[in-house]
Amino acid sequence: MTHTDAGAELDPVHPVPIPARRAHGLSTAEVAERVARGEVNDVPVRSSRSLGEIVRANVFTRFNAIIGVLWLIMLFVAPLQDSLFGYVILANTGIGVFQEWRAKQTLDSLAVIGEAKPTVRRDGAAGEVSTSEIVLGDLIEIGPGDKVVVDGECVEADGLEIDESLLTGEADPVVKRPGDAVMSGSFVVAGGGAFEATKVGREAYAAQLAEEASRFTLVHSELRTGISTILKYVTWMMIPTAIGLVISQLVVKQHGFKDSIARTVGGIVPMVPEGLVLLTSVAFAIGVIRLGRKQCLVQELPAIEGLARVDTVCLDKTGTLTEGGMDVTELRPLGGADETYVRKVLGALGESDPRPNASLQAIIAAYPDSEEWRCVESLPFSSARKYSGASFSEGDGESSTWLLGAPDVLLGADDPALAETGRLNEQGLRVLLLARVAGELDDPEVARGARPTALVVLEQRLRPDAAETLRYFAEQDVRAKVISGDNAVSVGAVAGKLGLSGQVVDARQLPSDQEEMAKFLDEGTVFGRVTPQQKRDMVGALQSRGHTVAMTGDGVNDVLALKDADIGVSMGSGSEATRAVAQIVLLNNSFATLPSVVAEGRRVIGNITRVATLFLVKTVYSVLLAVLVVCWRVEYPFLPRHLTLLSTLTIGVPAFFLALAPNTERAQPHFVRRVMRYSIPGGVIAGAATFVTYLIARHYYTGKGSLGAETSAATLTLFLISMWVLAIIARPYTWWRVTLVASMGAAFVVVLIVPWLQHFFALKLVGVTMPWVAVGVAGVAGVLLEVVWRVVDRRGAAA
């Protein structure tokens, strides 16, 4: 719809001459010249940490530093077997680095698949290029849903409206005209146009924000925040306990220097739950890999955990419950309108929009364009106003202006066409009204006095997997809310076909007060005629009631709500803007992938809660044993090799398998409280029982070598109690869990009966009486452990 002459082009809405060079874009030679000068948009789009960052994050930790220093000391003062804990840390850290590197490769490959490619005009032809290939001066075409990737100056505008709320906080779209500035990070909500890149790379306004937002992160997670809190408390407990142990073993007992050092280190090392952070990282990383195989891009790792905690899912109908495409099923002329003439109008309207939405694409497919008609002015569709329009010269000298949009927006409440529309909506059909108007398109009141001419009936294609996914959420006590810009009755009918029942609400009747809105949201299930700003307000209202909210969507009208939701989920085929703000992108456009994400999150949360209890029981009994040793002024009962053996068999190896096992338990809040209410009593019982056995053994054994016999008896008690803890944590039993527990017990028996292993680990049970006493004490402690944890379970359930 443009007019050209030899040297310039005219913008269709604002006929200001555009230099031909700018209109045709850069030439290939000019692009090469700018690349050579380094004027390229070279901001790295990173979905994950670099290898160096992964290594640093896994190696240079507070507890690795503590363990590393103690390991170096033990290498000089004790046999190799007392330094085994250091090698275990090296192996664990290596596993962590490897798994996170695999996750990084998965993320990077998926990010390339999901990366949107801007349309750039070069040598007069438009083509898609990678964001990193844009150069200074490129002419970039934009349309609804496109994100502005670099800063620039508007060159062409056809009803162009840009939302800059993600940068400025201002919710209202900004109308752009040639000469206006456009900022990277904003996105198009209506119309189309082109802009010339004036700032690229790190000079662009939102470059730093975009790079930071797309970076692999493990923050804003209740799980990791909870673990950090636990580690902080552990550090404060360790410092005074370790000092007391050093004084006790080196000064008070005055044994050999090397033996005292070895037993001191033996008391400090098990206080460190070093594997807990590692296993959390590994569990998240493996979750990313598993979801990656299902074409699910997790842009921020905590989103796996976050979706598992969600109790309300807000679903956009179009693109989520229904497929993007539609079909025109019927055309109903109104007021005696000529159907042939109406078909010409619809064909011309389809041709007038260079970037048609799904509804208009269906109309274009059904009604070909009339070559005699010429578009004089156009008004692109906006989700805020709910209609689009165009003015035409009809070829016979006549002119006309038409609107195409929502009947209940364009017509008065008493118009008879609305009754017919309502009947069609009740069948789940989408209805658009074609209306003729007398005013100008740029008049805000252009719809006033619109003359209804025809109803266009569209049938939406339901996603085959939507009903099953909604059933899954219902079974998991996750409430689904359908929030759509379409007619409420139509949306309600679609939801009903998918088995989702509940109150249907027209969002135009919703109060603006957040508290009042929240009441409506609690009662309603389907909401129609929702504006983009209302979607955002509805998410906020649900959150104000304490709900954890996920929002799904694929259209530009979903961006604000996606950004504010606890978890934003975008379809891979959705607009670039939605993919940019969402934490999870379903690259296969399958709504059915969401249950997999929920299940993966529950696996991570449930399993990390299990293994955290294992690690922290060890920390608690280690601290208690150290305190008791200082108070009783006795030798610390264990060498590092003993606790390395126990930790490996009762915590390290089992925790690795348990952390990656299937787990469908619903995610529960208050991670720290839930872990500590089991760990503290469990650790106290284990530490007290072990020390009782140790004191009995000190009175039973006398003479040379008695300390070794006492240590062996105490080790047996501690191992049996730790195995009991493991057996409780491993419930409910499956064949592989039983095999895991049994094999760890068998491995300890092998150590006790094979002579060279007895010597290597300095473990030899002397006599018959004391070993049975150790077993008896462990048995009593195990029964006490069962009773106490069941009481904790009941209190937790009551709370």
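Residues numbered from 1 in each chain as written. Predicted model: local features only at pLDDT ≥ 70, side-chain atom pairs only at ≥ 80, totals over all residues. Heavy atoms only, no water.

**A look at the pairing of strand β9 (residues 187-199)**
Here comes step 1: Burial analysis of β9 places 11 of its 13 residues in the buried class, the great majority of the element.
Here comes step 2: Of the strand pairs in this sheet, strand β6 (residues 151-163) and β9 are connected by 10 bridges, and their pairing is antiparallel. Across the sheet, residue Glu-153 finds its bridge partner in β9, namely Glu-196. (Buried < 20%, exposed > 50% of the residue type's maximum accessible area, 1.4 Å probe, protein only. Helix = DSSP H or I, 4+ residues; strand = E, 2+ residues; numbered from the N terminus. Pairing = 2+ DSSP bridges.)

**As for the sheet that holds strand β22 (residues 567-571)**
Here comes step 1: Strand order across the open sheet formed by 8 strands is β10-β23-β22-β21-β11-β18-β20-β19, with mixed pairing between neighbours. Across the chains shown, the open sheet's two edge strands, defined by having one partner strand only, are β10 (296-298) and β19 (503-506). On average, each strand axis in the sheet is inclined to that of its neighbour by 20 degrees, with strand direction left out of account.
Here comes step 2: Where strand β11 (residues 312-315) meets strand β21 (residues 549-553), 3 bridges bridge the pair, whose relative direction is parallel. Residue pairing in the sheet places Val-313 in a bridge with Ala-550 of β21. (Axes fitted to C-alpha atoms, helices over the stretch in contact; angles between N-to-C directions.)

**A look at empty space enclosed by the protein**
Here comes step 1: For the coordinates displayed, the defined rule picks out 2 cavities of 30 Å³ or more.
Here comes step 2: Looking at the largest cavity, its volume works out to about 50 Å³.
Here comes step 3: Every element with two or more residues in the lining of the largest cavity is listed here: α22 (594-632), α23 (640-659) and α25 (706-729).
Here comes step 4: Take the lining of the largest cavity: its biggest share by element is 4 residues, from α22.
Here comes step 5: The class makeup of the residues in the lining of the largest cavity is 5 nonpolar, 2 polar and 1 charged. (1 Å grid on protein atoms, 1.4 Å probe; cavity = no way out; pocket = protein on both sides within 12 Å on 5 of 7 lines; lining within 4 Å. Points joined across faces, edges and corners; volume = space filled by probe spheres on them. Nonpolar A, V, L, I, M, F, W, Y, C, P; charged D, E, K, R; others polar.)

**Here's the deal with the packing of aromatic side chains**
Here comes step 1: Counted according to the given criterion, the structure contains 15 aromatic pairs.
Here comes step 2: With a centroid separation of 5.1 Å and an interplanar angle of 85 degrees, the aromatic rings of Tyr-700 and Tyr-701 are classed as edge-to-face.
Here comes step 3: Ring geometry for Phe-719 versus Phe-748: centroids 3.8 Å apart, planes at 15 degrees, classification stacked. Taken together, the residues span a long stretch of sequence, with Phe-719 in helix α25 and Phe-748 in helix α26 (residues 735-753) at a distance of 29 residues.
Here comes step 4: Here Phe-719 falls in the buried class, since its relative accessible area comes to 3%.
Here comes step 5: In this structure Phe-748 comes out as buried when scored by relative accessible area, which is 3%.
Here comes step 6: Through successive ring pairs, a cluster of aromatic residues spans Tyr-341, Trp-373, Phe-392 and Trp-402. (Phe/Tyr/Trp six-rings, centres within 6.5 Å; stacked < 30°, edge-to-face > 60°.)

**Quick word on the environment of Ala-667**
Here comes step 1: Within the secondary structure layout, Ala-667 lies in the loop between α23 and α24 (671-700).
Here comes step 2: Along the chain, Ala-667 and Ala-308 lie 359 residues apart, while their C-alpha atoms are 6.1 Å from each other.
Here comes step 3: Once residues lying within four places of it in the same chain are set aside, the contact partners of Ala-667 are Ala-308, Arg-309, Arg-602 and Ile-605. (Contact = heavy atoms within 4.5 Å.)

**A look at the confidence of the model for the protein**
Here comes step 1: On average, residues of the protein score 83 in pLDDT, and 91% of them reach the 70 mark or higher.
Here comes step 2: Per-residue pLDDT, averaged within each element of the protein, yields its smallest value for strand β1 (residues 8-10) (42) and its largest for α26 (95).
Here comes step 3: Counting contacts from residues 1-18, a segment whose pLDDT is below 50, to residues more than four positions away or on other chains yields 40 contacts.
Here comes step 4: Considering only residues more than four positions removed or in separate chains, one finds that residues 209-219, a stretch of pLDDT under 50, has 27 contacts. (pLDDT = per-residue confidence, 0-100.)

**Comments concerning the packing of helix α18 (residues 514-523) against helix α19 (residues 532-544)**
Here comes step 1: Across the interface, α18 lies against α19 with an axial gap of 8 Å and an inter-helix angle of 85 degrees. With respect to α19, the element α18 is oriented roughly perpendicular. Together, Gln-514, Met-517, Ala-518 and Leu-521 of α18 and Asp-537, Met-538, Gly-540, Ala-541, Leu-542 and Ser-544 of α19 make up the contact between the two elements.
Here comes step 2: Residue classes in the contact of α18 with α19 are distributed as 6 nonpolar, 3 polar and 1 charged. (Parallel < 35°, antiparallel > 145°, perpendicular 65-115°, else oblique.)

**What to know about the environment of Asp-369**
Here comes step 1: Looking at the element boundaries, Asp-369 is found in the loop between α13 (358-366) and β13 (374-382).
Here comes step 2: Along the sequence, Asp-369 and Gly-350 sit 19 residues apart, while their C-alpha atoms lie 7.3 Å from each other.
Here comes step 3: Sequence-distant contacts of Asp-369, that is, excluding residues within four places in its chain, are made with Gly-347, Ala-348 and Glu-351.

**Points about the environment of Ala-697**
Here comes step 1: In this fold, Ala-697 is placed in helix α24.
Here comes step 2: Separated by 69 residues in sequence, Ala-697 and Leu-628 place their C-alpha atoms 15 Å apart.
Here comes step 3: For Ala-697, the residues in contact, after removing those within four places along its chain, are Glu-710, Ala-713 and Met-770.

**Structural notes on a nonpolar patch on the surface**
Here comes step 1: The grouping of Leu-72, Leu-75, Phe-76, Leu-80, Tyr-87 and Leu-90 at the surface amounts to a nonpolar patch, some 640 Å² of accessible area in total.
Here comes step 2: Of all elements in the fold, only α4 (62-77) and α5 (84-114) reach the threshold of two or more residues within the nonpolar patch.
Here comes step 3: Take the nonpolar patch: its biggest share by element is 3 residues, from α4.
Here comes step 4: Examined against the element boundaries, Leu-80 turns out to sit in the loop between α4 and α5. (Patch = residues over 30% accessible without salt bridge, like charges linked within 9 Å, V, L, I, M, F, W, Y side chains within 5 Å. Areas by Shrake-Rupley, 256 points an atom, 1.4 Å probe, with all protein chains shown as cover. Salt bridge = Lys/Arg side-chain N within 4 Å of Asp/Glu carboxyl O.)

**Some details on the pattern of salt bridges**
Two side chains bearing opposite charge may form a pair once their charged atoms approach each other closely.
Here comes step 1: Under the defined criterion, the tally for this structure stands at 28 salt bridges.
Here comes step 2: Between Arg-529 and Asp-408 there is a salt bridge, with its nearest N and O atoms 2.8 Å apart. Highlighted residues: Arg-529 in the loop between β20 (524-528) and α19 and Asp-408 in helix α14 (residues 407-410), separated in sequence by 121 residues.
Here comes step 3: According to the relative accessible area criterion, Arg-529 is buried, its value standing at 7%.
Here comes step 4: The network of salt bridges with shared partners includes Asp-408, Asp-506, Arg-508 and Arg-529.

**Some details on the side chain of Asp-138**
Here comes step 1: The residue Asp-138 is located in the loop between β4 (125-128) and β5 (139-142) in this model.
Here comes step 2: Exposure remark for Asp-138: the relative accessible area of 0% places this residue in the buried category.
Here comes step 3: Reaching out from Asp-138, the side chain makes a polar contact with the side chain of Arg-122 at a distance of 2.6 Å.
Here comes step 4: Beyond its immediate chain neighbours, meaning those up to four positions away, Asp-138 contacts Leu-26, Val-31, Val-120, Arg-122, Glu-133, Phe-195, Glu-196 and Ala-197. (Polar contact = N/O pair within 3.5 Å; in protein donor to acceptor, adjacent residues only side chain to side chain.)

**Considerations on the side chain of Arg-430**
Here comes step 1: As for its placement among the helices and strands, Arg-430 is situated in strand β16 (residues 430-437).
Here comes step 2: Here Arg-430 falls in the buried class, since its relative accessible area comes to 16%.
Here comes step 3: At 3.3 Å, the side chain of Arg-430 forms a polar contact with the side chain of Ser-359.
Here comes step 4: A polar contact of 3.0 Å, which involves the side chain of Arg-430, links it to the side chain of Asp-486.

**A closer look at the state of the cysteines**
Among covalent bonds in proteins, the disulfide is the one between the sulfur atoms of two cysteines.
Here comes step 1: On inspection of all chains with the given rule, the structure shows 0 disulfides.
Here comes step 2: Distance from the sulfur of Cys-314, which forms no disulfide, to the nearest cysteine sulfur (Cys-296) is 19 Å.
Here comes step 3: Residue Cys-314 is classed as buried on the basis of its relative accessible area, which comes to 0%.
Here comes step 4: Cys-375 takes part in no disulfide bond, and the closest cysteine sulfur, belonging to Cys-154, lies 18 Å away.
Here comes step 5: Its relative accessible area of 6% is what places Cys-375 among the buried residues. (Disulfide = S-S within 2.5 Å.)

**Describing a negative patch on the surface**
Here comes step 1: Among the surface-exposed residues, Glu-351, Asp-369, Glu-371 and Glu-372 lie close enough to one another that they form a single negatively charged patch.
Here comes step 2: Tracing the backbone shows Glu-371 in the loop between α13 and β13. (Lys, Arg positive; Asp, Glu negative; His and termini not counted. Charge placed at Lys NZ, Arg CZ, Asp CG, Glu CD.)

**Topic: unusual backbone geometry**
Here comes step 1: Residue Pro-732 follows Arg-731 across a cis peptide bond; omega there is -5 degrees.
Here comes step 2: By secondary structure assignment, the location of Pro-732 is in the loop between α25 and α26.
Here comes step 3: Phi is positive for Asp-477, which is not a glycine, with a value near 60 degrees.
Here comes step 4: Here Arg-633, not a glycine, exhibits a phi torsion of approximately 55 degrees, which is positive.
Here comes step 5: Following the sequence through the fold, Arg-633 ends up in the loop between α22 and α23.

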